[in-house]
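Structural features, examined
The lines below spell out each chain.
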Amino acid sequence: MLALLGATALVLVAWTPRVLPAAGGGINLNCSQNLEVNIIDDSVTLKWNRSHESVRNTTFSADYKIPETDNWIRLPECQHVTGTECSFPLPPVNVFEETKFRVKAEQGNTSWCEAISLIPFAKVQIGPPGVRLEAEDKAIIVNLSSPGTKDSIMWALESSSFLYSLVIWNNSSVEERTETVYPRDKIYKLSPETTYCLKVKAKILAPRKVGVYSPVYCINTTVENKLLRPENLDVSVKNQRYVLKWDHAFANVTFRVQWLHAFSKRNPESHSYKWKQITDCENLKTTHCVFPPNLFPRGNYYLRVQASDGNSTSFWSEETKFNPERIPIIHPPVINVKSTSDSLHIYIGAPEESENKPMSQHLPLSYEIILWKNTSHAERNILEDKSDFTIPDLQPLTTYCLKARAHLVDKKQKESSIFSDVVCEKTKPGNTSKSWLIAGICIALFALPAVMYIGKVLLKGISYVFFPSVKPSSTIDKYFCERPLENLLLSTCEEQTEKCFIIKNENTVITVEETDQIDGDYKAYSSQSSQDSGNYSNEDENSGSKLSEDHLDQETV
């Protein structure tokens, strides 16, 4: 709708007067000149000039046409008008589409002139709203109705978009006060039994249009009520709950608190029945009311309080506007701690329950941290603007405990959260122990090759002394298993049969090449001559050797 208006401008088509042929008696009549259209709310006024002042007894008639049809439609209020002006209600047209108007001069022959084409909503002006007043002792209730008629065609879509500007003054004073009001609103801070006068005008913001002031209305306020109304309403936050406070001069009275959606006030109809009672804020004997944050989701609200004393009640207090996003509940932060030998690294985050609410993680916050040793009550207070920081200069191997709360960084508001849960963490060993540990590891790494070398030398010496290596002669060694017997615990080579050596005489040694006996087969063997002369200088030894040889011969046989 607004885009259409922005794209389509008011179109005025000025036609050059044209001379008509002689009308009966030869008098020339021109088309009417300088046609103007004025629209206020749903009232349209056409104005024009006569083409010839000398022509008398001339009448005029007006018609209109809409784009959907080719036929001109008569305006009943503007037929055979003798003057140069005509007013009529806005015909049933689309106010956002082009409409054409024309006027004809009538005397003898008829002359028509298409004078103007326009979009009614682009041309319209806002008229004064309807005003009705009610008086209290220190306030005036203002009831406003939208400009135009009740069934207005022009403002059918704009009735809830009007804003109203009110000027009020004491009838005995020239000092004026201007306020922006809703269709049903109150003007507070007045004096009892005093005459006040006011006037109101309406406006809309898109497209921007400002109306004219209404006539002046005056009214007298009433005598002051015996039971005063509550005053100075204020909303704050305490312990993660909203607190509404007010002042009242009398004791031994009770109070009740109501709330209303702010958008209800834009409705021209009465919203008095839409006020709702706050749970647990009825029949209060205190001048404050506490209510949970989930009672008010995002949006704007109004709160009001009334005092009661038996059968007597006060007028409702001045209404205070309340927005949960502008008075946020600051939740206690969540603390994560990582320790080192002489410091604690602190990470502060928002609690999980505040993620879906207009809470602290979107606000400028500072943090207050209380730190103490687990074995002491001496506290250390720390203020930080960051949520990630380090607390230095602590003692190693010491348990520290801490808690934190958040503060809203705002000059207008001084809101704080409650303290978080206590978190304790033990610092790690100091740098001295760590240095010794690192030095020991380095020494061990550098000394390892030397230790291994010394151990290898000692092991070799012990093996040489206590486990000498016995190696048979090459002649005998070749009959052992080719795989070395490196480890007696490991599997050995194939089982070896007995090897025999037969000495036949002094000079010949018979060596058995194959010792396996299968079914009594004879084995091949070879002999070789001994290079030993067999002559010895010691007779006993010779005799002994001979006896040994004879003994071996006998055993062999």
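Counting from 1, residues in each chain are numbered in the order their sequence is written. With the structure being a predicted model, the display of local features is reserved for residues of pLDDT at least 70 and the display and counting of side-chain atom pairs for 80 or more, all residues being used for whole-chain, interface and lining totals. As a rule here, side-chain values cover all heavy atoms of the structure and leave hydrogens and water aside.

1. Section: the pairing of strand E30 (residues 399–408)
The side chains of a regular strand alternate between both faces of the sheet. What counts is decided by this rule: Accessibility here uses a 1.4 Å probe with only protein chains present; expressed as a share of the type maximum, an area under 20% marks a residue as buried, one over 50% as exposed, and anything in between as partly exposed. Only runs of H or I of at least four residues qualify as helices and only runs of E of at least two qualify as strands under DSSP, and these elements are numbered from the N terminus. Two strands pair under a simple rule: DSSP has to find at least two bridges between them.
Of all 10 residues that make up E30, seven are buried, and the element is covered over most of its length. Two elements, strand E27 (residues 365–373) and E30, share nine bridges in a ladder whose sense is antiparallel. Bridged to Ile370 within E30 is Lys403. Sheet topology note: the E30/strand E31 (residues 423–426) ladder contains four bridges and is antiparallel.

2. Details of the state of the cysteines
What counts here: Put simply, a disulfide is two cysteine sulfurs that come within 2.5 Å.
Counted under the stated rule, the structure contains four disulfides. The disulfide partner of Cys78 is Cys86, and the gap between their sulfur atoms is 1.4 Å. The S-S bond linking Cys78 to Cys86 shows a torsion near -90 degrees; that makes this disulfide left-handed. Each member of the pair, Cys78 as well as Cys86, carries the same accessibility label: buried.

3. A few points about the environment of Ala249
Here Ala249 shows up in the loop between strand E18 (241–247) and strand E19 (254–261). With 21 residues separating them in the primary sequence, Ala249 and Leu228 have C-alpha atoms 7.5 Å apart.

4. Thoughts on the sheet that holds strand E25 (residues 334–339)
For the record, the criterion: A fitted line through C-alpha atoms serves as each axis, taken over the contacting stretch for helices, and the angle formed by two N-to-C directions is quoted from 0 to 180°.
Pairing within the open sheet is antiparallel, and its three strands lie in the order E25-E26-E29. The sheet is open, and its two borders are formed by E25 and strand E29 (388–391), each paired with just one other strand. Sheet twist, expressed as the average angle between the axes of neighbouring strands with direction ignored, equals 25 degrees.

5. Points about the environment of Arg50
If you trace the backbone, Arg50 turns up in the loop between strand E2 (43–49) and strand E3 (59–65). C-alpha of Arg50 to C-alpha of Ala105: the two residues are 55 residues apart in sequence and 8.7 Å apart in space.

6. Focus: the confidence of the model for the protein chain
Keep this limit in mind: Per residue, pLDDT captures the predictor's confidence, and it can take any value from 0 to 100.
Scored by pLDDT, the protein chain comes out at a mean of 76, with 69% of its residues at no less than 70. By mean pLDDT, the top-scoring element of the protein chain is strand E16 (residues 217–220) (96), and the lowest-scoring one is helix H1 (residues 2–7) (40).

7. Observations regarding the packing of aromatic side chains
Short version of the rule: Paired rings are identified among Phe, Tyr and Trp, the last through its six-membered ring, by centres lying within 6.5 Å, and are further divided according to the angle between planes into stacked (under 30 degrees), edge-to-face (over 60) and tilted (the rest). Counting as a charge over the ring demands two things of the Lys NZ or Arg CZ atom: a distance within 6 Å of the ring centre and an angle within 35 degrees of the ring normal.
Inspection of every chain in the model, using the stated rule, returns 16 aromatic pairs. When the ring of Trp259 is compared with that of Tyr301, the centres are 5.8 Å apart and the planes differ by 70 degrees; the resulting orientation is edge-to-face. Of the two residues, Trp259 is situated in strand E19 and Tyr301 in strand E22 (residues 301–309); the sequence distance between them amounts to 42 residues. With respect to class, Trp259 is no different from Tyr301; both count as buried. Taken together through their ring pairs, the aromatic side chains of Tyr242, Trp259, Phe291, Phe296, Tyr301 and Phe322 make up a single cluster. A cation sits over an aromatic face here: Arg102 above Trp72, 4.2 Å from the ring centre. For Arg304, the ring lying beneath its charged end belongs to Trp275, and the centroid distance is 4.1 Å.

8. Quick look at the side chain of Asp42
So the rule is basically this: His is not counted, nor are the chain ends, whereas Lys and Arg count as positive and Asp and Glu as negative. Here, a salt bridge means any side-chain nitrogen of Lys or Arg that lies within 4 Å of a carboxyl oxygen of Asp or Glu. Between N or O atoms, a polar contact is any pair within 3.5 Å; within protein, one atom must be a potential hydrogen donor and the other a potential acceptor, and residues adjacent in sequence are included only when both atoms are from side chains.
One can find Asp42 in the loop between strand E1 (33–40) and E2. The buried charged residue Asp42 lacks any salt bridge partner; its closest oppositely charged side chain belongs to Lys209, at an N-O distance of 13 Å. Side-chain polar atoms of Asp42 contact the side chain of Ser152, separated by 2.4 Å. Polar side-chain contacts of Asp42 include one of 2.9 Å to the backbone nitrogen of Ile153.

9. Quick word on the pairing of strand E21 (residues 288–291)
A one-sided burial pattern is seen for E21, the buried positions being Cys289 and Phe291 and the unburied ones His288 and Val290. In the sheet, E18 pairs with E21 via four bridges, with the strands oriented antiparallel. Residue Leu244 lies in a different strand from E21, and its bridge partner there is Cys289.

10. So, the sheet that holds E31
Within the open sheet, the four strands sit side by side as E28-E27-E30-E31. Their pairing is antiparallel. Across the chains shown, the open sheet's two edge strands, defined by having one partner strand only, are strand E28 (379–384) and E31. The sheet shows a mean angle of 25 degrees between the axes of neighbouring strands, direction not considered.

11. A few points about the pattern of salt bridges
Taken as a whole, this structure holds 12 salt bridges when the rule is applied. Ionic pairing is found between Glu134 and Arg184, a salt bridge with its closest N-O pair at 3.9 Å. Placement of Glu134 in strand E9 (residues 130–135) and of Arg184 in strand E13 (residues 184–187) is noted, with a sequence separation of 50 residues between them. Its relative accessible area of 29% is what places Glu134 among the partly exposed residues. Each member of the salt-bridge network shares a partner with another, and the members are Glu136, Asp137, Lys186 and Arg229.

12. Examining the nonpolar core
To keep things clear, this is the line we draw: Residues belong to a common nonpolar core when they are buried Ala, Val, Leu, Ile, Met, Phe, Trp, Tyr or Cys residues joined through side-chain atoms within 4.5 Å.
Residues Leu46 and Phe101 are the most contacted members of the largest nonpolar core, which totals 46 residues. Sort the elements by how many residues they give to this core and strand E14 (residues 195–205) lands first, with five residues. Leu233, Trp259, Tyr301 and Ile327 belong to the second-largest nonpolar core, a separate cluster that totals 24 residues.

13. Notes on the side chain of Thr99
Inclusion rule: Here, residues are in contact when the closest pair of their heavy atoms is within 4.5 Å.
Along the chain, Thr99 falls in strand E6 (residues 99–107). On the basis of relative accessibility, which here comes to 1%, the residue Thr99 falls in the buried class. If sequence neighbours within four positions are ignored, Thr99 has contacts with Tyr64, Lys65, Val93, Ile116, Ser117, Leu118 and Pro120.

14. Details of unusual backbone geometry
Residue Pro207 follows Ala206 across a cis peptide bond; omega there is -10 degrees. Within the secondary structure, Pro207 sits in the loop between E14 and strand E15 (208–210). With a phi close to 55 degrees, Asp41 is a non-glycine residue in the positive phi region. Mapped onto the elements of the fold, Asp41 is located in the loop between E1 and E2. A positive phi angle, close to 65 degrees, is found at Asp280, a residue other than glycine. Looking at where Asp280 falls in the secondary structure, it is placed in strand E20 (residues 276–284).

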